[in-house]
Each structure stands twice: as C-alpha cells, then as structure tokens.
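Remarks on the overall topology
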Amino acid sequence: DTGVSQDPRHKITKRGQNVTFRCDPISEHNRLYWYRQTLGQGPEFLTYFQNEAQLEKSRLLSDRFSAERPKGSFSTLEIQRTEQGDSAMYLCASSVGPTAETQYFGPGTRLLVL
Amino acid sequence: QKEVEQDPGPLSVPEGAIVSLNCTYSNSAFQYFMWYRQYSRKGPELLMYTYSSGNKEDGRFTAQVDKSSKYISLFIRDSQPSDSATYLCAMIGSGAGSYQLTFGKGTKLSVIP
C-alpha cells in the first residue's frame, strides 16, 4: 500500500521563475486536494478535484497558480512568476468515498523562492 | 477571530505524562473533527476523526468533542518521546459540499525522556 506521493520534495527557485509540482494520490482515491502551509501555521486549502473536475479554488489561489488533474489520477500544481511570498510547503491530500473527512496527506513539496 | 483557535505552545512534558491538547472553533457547521500529527518537515498524518459530539479512543489516544461548547480535545496517555511532534486539529462540515479542511495552527509538543 503506497500513500500519497509528491515530487519534488524540495525546490529552490529564483523570483520570477515558473515551478511545477506533482502529486500522486492513493490509488482509487477520487478526491484530491492541494493545501499550502507556512511556518507556524496550519495547512490552508487551495483547490479540490473530484476525479478530473476542479470543483473549488480558494481565493488564495491567484491567477499565477494553476492546477490540473487530467485523467483523474495524478495532479500538477504550477506557479508562474514566483514571488518570495510563495515560499511555503505545498501539501497534497486524497480521499475516497462520499465524504471528505478522511484526507490523507503526502510528504509535501517545500518551496523556497529567492 | 479565526474559525479554529489552537494554542501553538510549545508544550513540554516528561515521558509518561498525560497530555491534553485542545481547540476551539466558531463555525457551528463543522461536524467532523480530526487530529493530525506532523513531524518536522513532514506531511500531516491522520490520527483520529470523530463525528459530532462524543469520545473516541484509539490506543493511547482519546479524542473528545463538545459541540455545545465548540471545544475539542486530544488526550495522550503514557506519552513517549516519539510523540514529540506538532498536533493539528482540523474540522469539516458534513454533506456533499464539504471538502475543505479548516486547520488550527498546531500545538508543538515535546516529550522529555
């Protein structure tokens, strides 16, 4: 049994560059979530997919952010023109079934924007 | 006022102590209450979840929810150094439209041998 995996685990980039993160959910989990966590804070919701459909985006997700889940399996989160304020841990979670209370998180991608 | 309030600590206890962690919340629509454990630089790990009010026990861990007071707790008995981590409470409503977990800030716990 494999859990949620994320790649890369760490990313250092310069301000203005684009970055893309990948998330592979637990097999057969139809729901996938992205959260962002900054130091000393709990995770904050960014966006949610049910199968391949993106059903909700937080106001935290500016126009520079885009997420996809093309075949209802893995997902990518892209940040364009990165800013120093984008430095955070980006967490992916997945769940299965009619309710969303049991969300299982991946190890996260830690982004540092210089 | 944030929807979920959690004292960030840090909380330091001797090995074997009973640990009490808690959160308060303001949104009465929350129906499911979760506790996650997060080790440094790792993703959150789901420990327990409880639906509505009541208690739930799993080994050394007990979760309590008091919806009338909008107060939830996690108790850890016989605490071990390996319990040293940040504990996050999280909440969500019920129904098909509820998918977004709302987290507290987390409480950093250190269990001293």
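Above this text is the structure in question.
Anyway, here's the lowdown on the structure attached to this text.

Cut-offs used in this document
Residues numbered from 1 in each chain as written. Chains lettered and ligands numbered in written order. Predicted model: local features only at pLDDT ≥ 70, side-chain atom pairs only at ≥ 80, totals over all residues. Heavy atoms only, no water. Disulfide = S-S within 2.5 Å. Helix = DSSP H or I, 4+ residues; strand = E, 2+ residues; numbered from the N terminus. Buried < 20%, exposed > 50% of the residue type's maximum accessible area, 1.4 Å probe, protein only. Contact = heavy atoms within 4.5 Å. Pairing = 2+ DSSP bridges. Axes fitted to C-alpha atoms, helices over the stretch in contact; angles between N-to-C directions. Salt bridge = Lys/Arg side-chain N within 4 Å of Asp/Glu carboxyl O. Buried area = accessible area lost by both parts, 1.4 Å probe. Polar contact = N/O pair within 3.5 Å; in protein donor to acceptor, adjacent residues only side chain to side chain. Nonpolar A, V, L, I, M, F, W, Y, C, P; charged D, E, K, R; others polar.

1. Here's the deal with the state of the cysteines
Residues and elements named next belong to chain B. As enumerated under the stated definition, the model contains two disulfides over all chains in all. Each disulfide pairs two cysteine sulfurs, and for Cys23 the partner residue is Cys89, the sulfurs being separated by 2.0 Å. In this structure, the disulfide formed by Cys23 and Cys89 twists by about -105 degrees around the S-S bond and is classed as left-handed. With Cys23 in strand S3 (residues 19-25) and Cys89 in strand S9 (residues 85-92), this pair connects stretches of sequence that are 66 residues apart. Classification of Cys23 by relative accessible area gives buried; the value is 0%. The buried category is assigned to Cys89, whose relative accessible area is 0%.

2. Remarks on the side chain of Gln31(B)
When you line up the elements, Gln31(B) lands in the loop between S3 and strand S4 (32-38). Excluding its chain neighbours within four sequence positions, the residues that come into contact with Gln31(B) are Thr50(B), Tyr51(B), Ser52(B), Lys67(B), Ile92(B), Gly93(B) and Ser94(B).

3. Details of the sheet that holds strand S8 (residues 75-79) of chain A
Residue and element names in this part refer to chain A. Pairing is antiparallel in the open sheet, where four strands are placed in the order S1-S3-S8-S7. Where the open sheet ends on each side, the last strands, each with one partner, are strand S1 (5-7) and strand S7 (65-68). Averaged over all pairs of adjacent strands, the angle between strand axes in this sheet comes to 15 degrees, irrespective of strand direction.

4. Things to note about the pattern of salt bridges
All names here are of chain A. As enumerated under the stated definition, the model contains six salt bridges over all chains in all. Its salt-bridge partner being Arg64, residue Glu83 comes within 3.4 Å of it at the nearest N-O pair. On the criterion of sequence distance, the pair formed by Glu83 in the loop between S8 and strand S9 (88-95) and Arg64 in the loop between strand S6 (53-57) and S7 is long-range, its members being 19 residues apart. When its relative accessible area of 40% is taken as the criterion, Glu83 is described as partly exposed. Where Arg64 meets Asp86, a salt bridge forms, and the shortest distance between an N and an O atom there is 2.8 Å. Separated by 22 residues along the polypeptide, Arg64 in the loop between S6 and S7 and Asp86 in the loop between S8 and S9 bring together distant segments of the chain. Residue Arg64 is classed as buried on the basis of its relative accessible area, which comes to 11%. Owing to a relative accessible area of 3%, Asp86 belongs among the buried residues under this scheme. Residues joined in a network through salt bridges with shared partners are Arg64, Glu83 and Asp86.

5. Remarks on the interface of chain B and chain A
Opposite the 20 residues of chain B that make contact, chain A presents 23 residues. Roughly 1800 Å² of surface becomes buried between chain B and chain A when both sides are summed, with 57% attributable to carbon and sulfur atoms. Summed over the shared surface of chain B and chain A, the number is zero salt bridges. Inspection of the chain B/chain A interface yields five residue pairs in polar contact (both at pLDDT 80 or more). When contributions to the side of chain B that touches chain A are tallied by element, the ones reaching two or more residues are S4, strand S5 (45-51) and S9 of chain B. Looking at which element gives the most residues to the side of chain B that touches chain A, the answer is S4(B), with four residues. A per-class count over the side of chain B that touches chain A returns 11 nonpolar, five polar and four charged.

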